[in-house]
Every structure is written in C-alpha cells, then in structure tokens.
Amino acid sequence: MARARKKYTGWRKWARRAVFAILVFLLLPVPMVLVLAVVQPPTTMVILDRALEHIGNRKRPIFPKRTVVSRDEISPYLRRA
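Here the residue numbering is sequential within each chain, running from 1 through the sequence in written order. Side-chain atom pairs in this predicted model are given and counted only at pLDDT of 80 or more, local residue features only at pLDDT of at least 70, and totals for whole chains, interfaces and linings cover all residues. Side-chain measures here rest on the full set of heavy atoms in the structure, leaving out hydrogens and waters.

**Considerations on the overall build of the chain**
Under the DSSP-based scheme used, a helix requires at least four consecutive residues in state H or I and a strand at least two consecutive residues in state E, with every element numbered from the N terminus. Across its full length, the chain holds four helices and zero strands. In summary, the chain has a C-alpha radius of gyration of 23 Å against a globular reference of 12 Å for 81 residues, an excess of more than 25%. Taken along its principal axes, the extent of the C-alpha atoms in the chain is 70 × 35 × 25 Å. When the 81 residues of the chain are sorted by exposure, 2% land in the buried category. Accessibility throughout is a Shrake-Rupley quantity obtained with a 1.4 Å probe, and a residue counts as covered only by protein chains that appear here. Of the roughly 8400 Å² that the chain leaves accessible, carbon and sulfur atoms contribute 65%. The charge count includes Lys and Arg as positive and Asp and Glu as negative, but it does not include His or the ends of the chains. Here the site of a charge means atom NZ of a Lys, CZ of an Arg, CG of an Asp or CD of a Glu. With 17 positive and 4 negative side-chain charges, the chain shows a separation of 25 Å between the mean positions of the two kinds. The quantity called the radius of gyration is restricted to C-alpha atoms. Its globule counterpart is 2.2 Å times the number of residues to the power 0.38. The buried label goes to any residue with under 20% of its type's maximum accessible area, the exposed label to any with over 50%, and the partly exposed label to all in between, with areas taken from a 1.4 Å probe on protein chains only.

Written out as structure tokens, the structure reads:
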C-alpha cells in the first residue's frame, strides 16, 4: 500500500521555500566560478559597455579589439589585485 505524501501547509511551506531559495542562491555561483578558473570568458562588461558607447556614437568597429596576453606579461601587482 502506497503511503500518502505529507503536505506542508502554512508557515512550513514558506519556510521550505525560503531554505530552498537560500541554498540555490549560495550554491549556484560555485560551478560558474569553477568554470571561469579554467576557461577564459568570451567577453567582459567593459567590452560590452564600450560596444554600447560605439553604437551610441555611431563609431565602427562596434566591438573594441581584444588582445589576450600571457600571465608573464601582466604586472605581478595586477595579478595580486
């Protein structure tokens, strides 16, 4: 015989939802950060901001040129920042 599932009502229902929302909020960024430790992001907010400025000023090319440099070419102070 199948047991009936316990239904939560009132404040318990909202407490379960709140706990679930907090766990999602805390745990969701972890895999995204781990991916960025290995893979370079395709764009940054600075590049998107400059692209919007170029669109507003009707300049070409819209996207600024992006040059990837090796870690050795970056200042040690910037790496530590």
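**Quick notes on the layout of surface pockets**
Only protein atoms enter the 1 Å grid, on which a cavity is a set of points fitting a 1.4 Å probe that cannot get out and a pocket is an open set with protein on both sides within 12 Å along at least 5 of 7 lines, lining residues being those with an atom within 4 Å of a point. Grid points are joined across faces, edges and corners, and a volume is the space filled by probe spheres set on the points. If you add up the space inside the largest pocket, you get close to 270 Å³. Surrounding the largest pocket, Gln-40, Pro-41, Thr-44, Arg-66, Thr-67, Val-68, Val-69, Ser-70, Arg-71, Ile-74 and Arg-79 form its lining. Gly is put with the polar residues, along with every residue not named as nonpolar or charged; the nonpolar set is Ala, Val, Leu, Ile, Met, Phe, Trp, Tyr, Cys and Pro, and the charged set is Asp, Glu, Lys and Arg. The residue makeup of the lining of the largest pocket, split by class, is four nonpolar, four polar and three charged.

**So, unusual backbone geometry**
The backbone of Arg-58 shows a phi angle near 55 degrees, a positive value even though the residue is not glycine. Along the chain, Arg-58 turns up in the loop between helix 3 (45-57) and helix 4 (76-80). The exposure class of Arg-58 is exposed, given its relative accessible area of 77%.

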